[in-house]
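# Architecture at a glance
Spelled out from the first residue to the last, the chains are:
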Amino acid sequence: MSLGPGDPDYLAPRAKGVLKDASVIVGYRTYMQLIEPAVLEGKETIETGMTDEIQRCQLAIEKALEGKDTAVVSSGDAGIYGMAGLVLQLLEERKLLGEVNVEVIPGIPALSAAAALLGAPLMHDFAVISLSDLLTPWEVIQSRVEAAAKADFVIVLYNPKSKKRTWQLDRAIEMISEHRSGETPVGLVRNAMREAQAVRITTLSHLDKSEVDMLTILLVGNSQTQIMGEKMVTPRGYNIKV
Ligand code: SAH
């Protein structure tokens, strides 16, 4: 199930209800902190580090098989680079799909939260790409960045950088710059709808990559995207005069 970006105001009522009713809550430590402590009171919680995703989902399945209502939490939307797929894959592998009652509960993903904070950068076609090459070969990521840049999509970059993964963002920005002007607006949002939220609008040529970390999402405009006052706006149509 999906926790949304962080602020409880952006937690969907259905997700809130499921959290309240669950007896076991499973999730990555950082995401558990997004849940109001009162909600977790009296519940069994299973928190593990980032690398134990499979084990975490297996444990959740065990709990569900014991008959306990179990919520596996993801930040943003659980179906976007979240845990929903892994839970379903593991259930399928264990021939339990159909046995265990599963519900995927959607939420507000970081891309929507960030777009809202920036203005309206996603009013036209956009492509979403994760720069993490931990589970996807870099060649695949590279060809997607290249294709999106060439086709003039607004580009949303998830997982842009971590402490160990630093060169991928440089490479992606280089590739995009081959197809787009240096004046193209770029929005950076760190911790959208969470404490320490930071929003910045810059351009491709002025982008300071040292401001980017794994809590940041980047939105690179298309050839029509403009900076209007403090906002980043992609016009809805290419020929419409406002
Ligand atoms: N399921 C999540 C994505 C998880 S992948 C969703 O639907 O949004 C983790 C990446 O998401 C981070 O590296 C960062 O790029 C982005 N992200 C998640 N939450 C964010 C937030 N509140 N603010 C900015 N970026 C965020």
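Attention here is on the structure that accompanies the text. The structure presented is a predicted model; accordingly, all values stated were derived computationally and were not measured.

Looking at the secondary structure, you find Lys161 in the loop between strand S6 (154-158) and helix H8 (167-177). Within the buried core, Lys161 has no salt-bridge partner, and the shortest N-O distance to an opposite charge, that of Asp170, equals 6.4 Å. Reaching out from Lys161, the side chain makes a polar contact with the backbone oxygen of Lys209 at a distance of 2.6 Å. Dropping the residues within four chain positions of it, Lys161 is found in contact with Thr166, Leu169, Lys209, Ser210, Val212, Asp213 and Met214.

Further remarks concern the pairing of strand S9 (residues 216-220). Among the five residues in S9, five count as buried, and that is most of the element. Going residue by residue along S9, you find Thr216, Leu218 and Val220 tucked away on one face and Ile217 and Leu219 tucked away on the opposite face as well. Direction of pairing for S6 relative to S9: antiparallel, over a ladder of three bridges. Within S9, the position partnered with Val156 by the bridge is Leu219. Bridge count between strand S7 (residues 185-190) and S9: five bridges; the pairing is antiparallel. Looking at S9, one finds that Val186 is bridged to Val220.

Rules of the game
- The numbers attached to residues start from 1 for each chain and follow its sequence in the written order.
- Reporting of local features is limited, given that this is a predicted model, to residues whose pLDDT is at least 70; pairs of side-chain atoms are given and counted only at 80 or more, and all residues count toward the totals for whole chains, interfaces and linings.
- To get the side-chain values, all heavy atoms of the structure are used, and hydrogens and water are removed first.
- Secondary structure counts use DSSP, requiring at least four H or I residues in a row for a helix and at least two E residues in a row for a strand, with both numbered from the N terminus.
- Each residue is placed in one exposure class: buried if its accessible area under a 1.4 Å probe, protein chains only, is under 20% of its type's maximum, exposed if it is over 50%, and partly exposed if it falls in between.
- We count Lys and Arg on the positive side and Asp and Glu on the negative side, and we leave His and both chain ends out.
- The working definition used for a salt bridge is a side-chain nitrogen of Lys or Arg within 4 Å of a carboxyl oxygen of Asp or Glu.
- We define a polar contact as two N or O atoms separated by no more than 3.5 Å, with the added condition that, inside protein, one atom must be a possible hydrogen donor and the other a possible acceptor, whereas residues neighbouring each other in sequence contribute only through side-chain atom pairs.
- Only heavy atoms enter the contact rule, under which two residues are in contact if any of them lie within 4.5 Å.
- The pairing criterion is simple: DSSP has to find at least two bridges between the two strands.

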